Every structure is written in C-alpha cells, then in structure tokens.
Amino acid sequence: MLVGTTSIENSELISQLLTQAKLEHQVLNAKQHAREADIVAQAGRPGMITIATNMAGRGTDIVLGGNIEKDVQAVEADASLSEEQRAQRVAALREAWKVIHEQVKAAGGLRIIATERHESRRIDNQLRGRSGRQGDPGSSRFYLSLDDPLMRIFAGDRVRAIMDRLKMPEGEAIEAGIVTRSIESAQRKVEARNFDIRKQLLEYDDVSNDQRKVIYQQRNDILDAQDLGAQIASLREGCFTDLVRQFVPLESVEEQWDLAGLQTVLKNDWHIELDLLSKVQASNAITDEDILEAVVAAAHAHFEAKLAVVGADNFVPFERMVLLQSIDTHWREHLAALDYLRQGIHLRGYAQKQPKQEYKREAFELFGQLLDSVKNEVTRILMTVQIQTQAQVEEAAHAIEDKAEHIANVTYSAPDETGTQQVTTADGVDLKQFAGVGRNDPCPCGSGKKFKQCHGKLS
C-alpha cells in the first residue's frame, strides 16, 4: 500500500496516526532522501505500508513482491561462496520472490491511497501511475474533504450547497461526476494561474537575460583580445565627449561656453593641462566641435605618454584587469537594482501603466547607466594612474627612509624587570624625570634650553 500526501506535514501526521494504531510503515519525504530509492523499491512487499509525498521516490519502479536485485548483488559479491553456491542462492531468492509476487498479484496488487488532490492534475496522474505497472494489477483511491484548500478556494461553496440541499449525512462518501468535474475545474484554474505566473516571470527574466548576454559577450571579447587599445580609446572618447558637453553644449554659441570650468576640471580631475581660453582668443572662428576635438586629442596624447613609459604590451594586462573588475562590480550592483525594481514595479498598475512595459523601460535606462558608469570609471583609472620608473620607485623608497631617520623625540614604552611601565626616548633618556616640568621651564637634561625647545618639543 502506498499512501500519497501533498506535503511533509501531512505525511508525518498520517505516520503518527498509523503509529498510534500500531501499524508498521515507512515514511518517505525530504528527510529520508538517502534511503528514498530503497524505501520505494520495497513498497510492493506484502503488508508494507509506505507514506510518501507526491514528489518523493520518482524514478524508481515499485515491483510487486519487492525488489530483490540488491539481495542478488550481495550474494554475487560474497567471496566466501563458490560459483555453484552463489547460483543456488540466487535461484532460491528468485523462486521465493515469485511466490511473493503471485501472492501480491492475487491480493489485488499495489493499492494507492491519496489523502487529497494535488493542485496539478499531472501530479495526481503520476501517483495513479504507481499502480498497474507494466500490466500488474493495482488500484487507486483519492480522498477529498470540502475543507481541503483546493475545494475551499475554488469549488467548496457549490458542492457544499448541493450536499445541504440533498441533506447528506456527515462523513458520507460522495462519488458523483459533478464532484469530479468540480475538482478538475478547480485544478484547471490553479494550473492556468500557475502558468500565467511562470509566463510573467519568464518575461521579466528575459529582460535581464538579454542584458546578461551583452555583458558576457563584452567580457569574452576582453578576455580573448590581444590588444585593448581600440576599445579603451572608444571608452575614453565617449567619456570626454560627455565631459565636454557639460560645459560646451552641442551646437551652442561661444557665449554659452564655460571654458574656465572645463579647464579646471581637466586639470584637477584628469591631470590634463590645456589652455582653451587662449586657443579661443587666438582663433577667428571656432565651434563647439573644435573644442571637443582639442580635448579628445589632449586626452589621447596624455594617455599615449603613459604608454610610452611602460610600453603598450606591458600595459594591456592592467587594462584588462581594470575593465573586468569594473564590469563585474557594476553588473552585480545592476542585478541588485533590477531585483529591487521588480519587487515594486506592480505598483505602477495603480497609475494605469503596464508594469511589464515600465519594467522594460526602466531596466533599459539602468543598463545605459551601467555602461556609462563602466566607461567613466575605466577611463578615470587609466587616465589618472601614476606610472613610475624603477629609478623613481627607488628614489621614493630612499626618501621615506631618510625621513624616518630624522624623526625626533620618538618615545618607547615597555615594562621593566619589576613590571613597571618604563617610557624612554630614542636616545635612552628616562621621561620620568620630566614629570611635572612646565613647557617654559629649563629642561632637566641640563642643555640650558627651555623644555618646549628640548625634550618637550612637539615634532
């Protein structure tokens, strides 16, 4: 006998009832996943009661009389037996199984008892299909209460009204076509609703999936490329074009330009020295496109000067690392933003707007911001990175060492032999003798200087 339930909670409840009735049984749910196949394989033995959730044990046949293949394998693997003894034992096992098999078939085969109907007809049919395997006899019976969620939500009131009208007694079994049709109608409604949910979820996922393809294609191109110069130059040109358009709008006249602000930003943020004011004063006719070309050319020249120090081939791994790191960081942030957007996008329906269209539109805008953020961050890092030669690195290290040697009035504190905290200066002078000395008092060391100019000097 196989008892099917829709949840682990129900399977454990039925297990408790069978335990109270002192009926041996096996419980098959998510807590028994290690023994799942074994429990299902032996569910066809005589007198065996197996309680299973509708999703458990699929993929393993229930053989009437039980599955003896494991026993056969154990006999064949027994090295203490001869070939003849193994064959005899295997034959005896199969003969005993045939007797049990015929006994179970004569009793009616596997009996399926379902405690309730599942939301999906497919799951119910899978449970029914457990019996009658490959021509074996079997039967199934589904029990349903008007208080079950499926009936209560979709068909309970209608069937309850019919029962009240017919004055049927409490606990009476109802086997009528109208009940079966009501249940199937309720299941169709649930399946249609679940289908719509999956369809809508897929449409939302398609948006992020299309963007994911673009990002992953870019990452693969970066990883496969031997030279990233063209890609970096394109990002740099786009970044400085956006920068210039903030101070020199497109198709604007000279009175609308803020060249002083543009020069300041180029110098402070991008380390580019460019005298645009003098260029404009020296020119008789200059347009916003000329300003843009000058800034972009200066940016390219500034970057090429960095490459000349280390060499283009040596700089490619650094460019690749910066690109990948920037894309990965902003992509993770973008996915989180899409998740937050999806959680609240249904509220747009109150404004008579289509939530899916609004989600697609805003997701596209967020993706554009992602690409702009990557472009600006990569350009900023590559334009402002400080490249030093080996001689400059050694010179900086020596400067740090020289500065450390000239640090004055360094004090050291450590416990002495008695455990008392001892504070001394770098030249070994005990600072206890300076306790209570005023800053303008003569220094106790005998130098003749004021304390603030000697051992009390702040440095």
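Just so it is clear, the model here is predicted, and its values are computed rather than measured.

Conventions used here
Residues numbered from 1 in each chain as written. Predicted model: local features only at pLDDT ≥ 70, side-chain atom pairs only at ≥ 80, totals over all residues. Heavy atoms only, no water. Helix = DSSP H or I, 4+ residues; strand = E, 2+ residues; numbered from the N terminus. Axes fitted to C-alpha atoms, helices over the stretch in contact; angles between N-to-C directions. Parallel < 35°, antiparallel > 145°, perpendicular 65-115°, else oblique. Left-handed = near helix turned anticlockwise from the far one by under 90°. Nonpolar A, V, L, I, M, F, W, Y, C, P; charged D, E, K, R; others polar. Pairing = 2+ DSSP bridges. Contact = heavy atoms within 4.5 Å. Core = buried A, V, L, I, M, F, W, Y, C linked by side-chain atoms within 4.5 Å. Buried < 20%, exposed > 50% of the residue type's maximum accessible area, 1.4 Å probe, protein only. Expected span 1.5 Å × (residues − 1). Salt bridge = Lys/Arg side-chain N within 4 Å of Asp/Glu carboxyl O.

(A) Quick look at the environment of Cys 443. Following the sequence through the fold, Cys 443 ends up in the segment after strand S7 (421-425). Considered as a pair, Cys 443 and Gly 456 are 13 residues apart in the sequence and their alpha carbons are 8.1 Å apart.

(B) Highlighting unusual backbone geometry. Notably, His 271 is not glycine yet its phi reads approximately 60°, a positive angle. Turning to its location among the elements, His 271 is positioned in the loop between helix H9 (259-270) and helix H10 (276-282). At Gln 352, a position not held by glycine, the phi torsion is positive, near 60°. Secondary-structure assignment places Gln 352 in the loop between helix H12 (312-344) and helix H13 (355-384).

(C) Geometry of the packing of H12 against H13. In contact at an axis separation of 9 Å, H12 and H13 are set at 155° when each is read in the N-to-C sense. Between H12 and H13, the interaxial angle falls into the category roughly antiparallel. Crossing of H12 against H13: the hand is right-handed. The residue inventory of the contact of H12 with H13, partitioned by class, reads 18 nonpolar, four polar and four charged.

(D) Representation of the sheet that holds strand S3 (residues 50-53) within the structure. Spatially, S2-S3-S1-S4-S5 is the arrangement adopted by the five strands of the open sheet, whose pairing is parallel. Only two strands of the sheet have a single neighbouring strand rather than two, namely strand S2 (26-28) and strand S5 (138-142). Pairs of neighbouring strands in the sheet enclose a mean axial angle of 20°, with direction left out of account. Two elements, strand S4 (residues 110-114) and S5, share five bridges in a ladder whose sense is parallel. Bridge pairing in S5 places Arg 111 opposite Ser 139. Together, strand S1 (2-5), S2 and S3 form the strand contacts of helix H1 (residues 8-20), whose direction differs from that of S3 by roughly 165°.

(E) Spotlight on the nonpolar core. The biggest cluster of nonpolar side chains holds 42 residues, and the ones touching the most others in it are Phe 240, Leu 262, Trp 270 and Ile 291. Those elements that provide at least two residues to this core are helix H7 (177-224), helix H8 (229-247), H9, H10, helix H11 (288-310), H12 and H13. The contacts of Ile 291, once residues within four sequence positions are left out, are Val 244, Val 248, Trp 257, Leu 259, Leu 262, Val 280 and Ile 286. Core analysis: the second largest hydrophobic core is formed by 14 residues, Val 40, Ala 43, Leu 64 and Val 104 among them.

(F) Main features of H13. With 30 residues, H13 extends 43 Å from end C-alpha to end C-alpha; this agrees with the ideal 44 Å at 1.5 Å per step. In this structure, the buried residues of H13 make contact with H7, H8, H9, H11 and H12.

(G) Quick peek at the pairing of S3. The side-chain alternation of S3 yields two buried faces, one formed by Thr 50 and Ala 52 and the other by Ile 51 and Thr 53. For S1 and S3, the ladder comprises four bridges, and the chain directions are parallel. The partner of Leu 2 across the bridge, within S3, is Thr 50. Looking at chain direction, S2 and S3 are connected through three bridges and run parallel. Considered in S3, the bridge of Leu 28 is made with Ala 52.

(H) Representation of the pattern of salt bridges in the model. Summed over all chains, the structure comprises 16 salt bridges. Of the charged contacts, one joins Arg 361 and Glu 365 as a salt bridge, the two residues approaching to 3.1 Å between their closest N and O atoms. Of this pair, Arg 361 and Glu 365 both sit in helix H13, separated by four residues, roughly a single helical turn. For Arg 361, a relative accessible area of 38% gives the class partly exposed. A relative accessible area of 41% means that Glu 365 is categorised as partly exposed. Residues joined by salt bridges that share partners form a network here, namely Arg 348, Glu 358, Arg 361, Glu 362 and Glu 365.

Spatial relationships are all this shows, so hold off on functional conclusions.
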